[in-house]
Amino acid sequence: MEDLVQPISLTDAAESLRTGAVEPQKYAARTVERIAEVDGTVQSFVAEPGRADRLAHAAQEAGRRGTEPGDRPPLYGVPVGIKDIIHVDGLPTGAGSALPPEALAGGQATVVDRLLKAGAVIAGKTVTGEFAVTAPGPTRNPHRPEHTPGGTSSGSAAAVAAGLVPLAIGTQTIGSLIRPAAYCGVVGFKPSHGRIPLDGVLPVAPTFDTVGMITARVADVALAASCLCDDWRSDRAVPGRPVLGIPEGPYMNFAEPEARSAFDEQVAALRTAGYDVVSVPMFENFEEEVFDFFVINLYELSQAHADRFARYEELYDERTAEAIRQGQGAQASDHADSLARRDAFRDRLAASTAEHGVDLWITPAATGPAPLGLESAGDSVMSLPWSGVGLPCLTMPTARPAGALPLGFQCVGRAGEDESLLHWGLGLEAVLTAQETDTREN
């Protein structure tokens, strides 16, 4: 069987294209070949008749943008996968559903406009769980196809892990980007809420919805973020090493023994490397505190689907339909009250972060490795408090024995300080990579 795990560095791919070491048309042809070789197993891309011809034409058009290497934009000729709740001109949006595409049509998303401006070409739509809610799509984990890739940016994570594209765009409402990136052993970045415009993206819960990206390495995410995030300035990054905080208490107890053991090993490696790590009692009434996030999520989901659900209810997966019906049971006043309590939770979290001098919170990115089977996309709880208040999150692969399923190491920055999160992430990645080498050699 063809090796299903071959992630490609975005920075390396972009450099080879900008310098002329490889031309966009040739790179596009390789992309089509790789999709043909392995995506029958991985199923990360939405099927597209005529993909080869469309991508060849797009690469030809991209190639006209810079006749000299110095004139070429940062993502010149780079093929990118787009989660299928994000509108792309010329490609239908299906959102992993049985609804007719015309019921979901809309104008091209700003994030796609920015990709094209940066010189990228759209490789196609990546599979999503239905409407990015809970019902999983057909995508499989490239590490072990009998295991889930996570949800609902599953196609985006699997496409990067399988080396189909060096960059894929996903979204996260609660854990839909960080978790699949962790399960598939790649890097996932969810910016601060609102850092990338949401226009042209089918909504789940706008209070939480965030466009993010998946790549092979942290430097790759930094390159993509500089092209896609509002007002990105690398010089905003705070120099030096961050103080790392572990939010000990009920929240961390959701991590399964395998994930917690690996996390503790990573923390030990970071301490040895000179990082200051503090343990802070947090979220003492976790389930009560985050209950309002579910109220907000389901209420806004029901509002977003009100018209479509009334017309096409029988075409919805029952799991999505049940979530919408639950949201319909909430009142506008319930939503408003939950938003107020969410804001109070955010303020308490910010105060604790400042009081203990924490620059980055660190946690396992998921409760454990990808579960066996495709009926469940796993548990999003490790993303819940951070997504609920809109903080930027980064996951990177952690050290695992050869043949073991991946685990992710999650770092959470302060609101709006995305540049610092990625800058510090480079240093953390270097330690984790060295620790991974030690683990494999031993």
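The coordinates are above.
Keep in mind that what you see is a predicted model, and the values were worked out from it rather than measured.

Conventions and cut-offs
Residues numbered from 1 in each chain as written. Predicted model: local features only at pLDDT ≥ 70, side-chain atom pairs only at ≥ 80, totals over all residues. Heavy atoms only, no water. Salt bridge = Lys/Arg side-chain N within 4 Å of Asp/Glu carboxyl O. Helix = DSSP H or I, 4+ residues; strand = E, 2+ residues; numbered from the N terminus. Buried < 20%, exposed > 50% of the residue type's maximum accessible area, 1.4 Å probe, protein only. Core = buried A, V, L, I, M, F, W, Y, C linked by side-chain atoms within 4.5 Å. Pairing = 2+ DSSP bridges. Right-handed = clockwise from strand over helix to strand, strands pointing away.

Colleague: Just give me the short version of the pattern of salt bridges, but keep the residues and values in it.
Modeller: Scanning the model with the defined rule gives 26 salt bridges in all. A salt bridge links Arg34 to Glu37; the nearest nitrogen and oxygen atoms lie 3.9 Å apart. Linking Arg34 with Glu37, this pair stays in helix H2 (residues 24-42), spanning 3 residues, or about one helical turn. A residue is classified by how much of its surface remains accessible, and Glu37, at 48% relative accessible area, is partly exposed. One salt bridge connects Asp418 with Arg195, and the closest N-O pair in it is separated by 3.4 Å. Of this pair, Asp418 sits in helix H14 (residues 418-441) while Arg195 sits in the loop between strand S4 (187-190) and strand S5 (210-215), and the two are 223 residues apart along the sequence. The pair formed by Asp418 and Arg195 is uniform in burial state, with each residue classed as buried.

Colleague: Got a sec to walk through the nonpolar core? Specific residues and values, please.
Modeller: Leu75, Leu115, Ile169 and Met213 are the most contacted members of the largest nonpolar core, which has 122 residues in total. Looking at which element gives the most residues to this core, the answer is helix H7 (residues 218-228), with 7 residues. Within the second largest apolar cluster, 5 residues are counted, among which are Ala28, Ala59, Ala62 and Val121.

Colleague: Let's hear about the pairing of strand S7 (residues 277-281): which residues, and what values?
Modeller: Bridging between strand S6 (residues 244-248) and S7 involves 5 bridges; their strand directions are parallel. Bridging from a neighbouring strand, Glu248 pairs with Pro281 of S7. Taken together, S6, helix H8 (residues 257-272) and S7 constitute a β-α-β crossover, and its handedness is right-handed.

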